[in-house]
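In case you want the letters, here they are:
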Amino acid sequence: MNLRNGEISIAEILRYPPAREYLLSIYPMLLRHPMIHKAHKLKLKTALVFIGDAISDNKKQEILATLSKL
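The following paragraphs examine the structure supplied in this document. Computed from a predicted model, the values in this text were never measured in an experiment. (Residues numbered from 1 in each chain as written. Predicted model: local features only at pLDDT ≥ 70, side-chain atom pairs only at ≥ 80, totals over all residues. Heavy atoms only, no water.)

### A few points about the nonpolar core
Inference 1: Judged by nonpolar contacts, the single largest core of 15 residues is most densely connected at Met1, Leu3, Ile8, Ile13, Leu23, Leu44 and Leu67.
Inference 2: Elements represented by at least two residues in this core include exactly α1 (10–15), α2 (17–26), α4 (44–51) and α5 (57–69).
Inference 3: The residues touching Leu44, leaving out its near neighbours within four places in the chain, are Leu3, Gly6, Ile8, Ile10, Ile13 and Leu64. (Core = buried A, V, L, I, M, F, W, Y, C linked by side-chain atoms within 4.5 Å. Buried < 20%, exposed > 50% of the residue type's maximum accessible area, 1.4 Å probe, protein only. Helix = DSSP H or I, 4+ residues; strand = E, 2+ residues; numbered from the N terminus. Contact = heavy atoms within 4.5 Å.)

### Quick word on the side chain of Lys60
Inference 1: Examined against the element boundaries, Lys60 turns out to sit in helix α5.
Inference 2: Setting aside residues no more than four positions away along its own chain, Lys60 makes contact with Leu48, Ile51, Gly52 and Ile55.

### A look at the side chain of Ser9
Inference 1: Within the fold, Ser9 resides in the segment before α1.
Inference 2: Here Ser9 is in contact with Arg4, His40, Lys41, Leu42 and Lys43, once residues within four sequence places are set aside.

### Re the pattern of salt bridges
Inference 1: A complete count under the given rule lists four salt bridges for this structure.
Inference 2: Glu7 is paired through a salt bridge with Lys45; the nearest N and O atoms lie 2.4 Å apart. With Glu7 in the segment before α1 and Lys45 in helix α4, this residue pair connects regions lying 38 residues apart in the sequence.
Inference 3: Note on Glu7: relative accessible area 32%, which makes it partly exposed.
Inference 4: By relative accessible area, Lys45 is classed as partly exposed at 42%.
Inference 5: For Asp57, the salt bridge is made with Lys60, and the minimal N-O distance between the two is 3.8 Å. Of this pair, Asp57 and Lys60 are both found in helix α5, three residues apart, which corresponds to roughly one turn of the helix. (Salt bridge = Lys/Arg side-chain N within 4 Å of Asp/Glu carboxyl O.)

Structure representation (structure tokens):
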């Protein structure tokens, strides 16, 4: 998956079935989060800023690496 240097939107990522499946495998409640619908329009790089320390930097890098291989 081409993450376009973080310019890809969250909606685009979630529309791609392999990416959606992967994210749900590590965060099963992701689509039930109350903010997910507002996050759809966010670019990935912006979403990562909002996530802050909720996910460690190592885990963020692992997720990005996995998504980019899909």
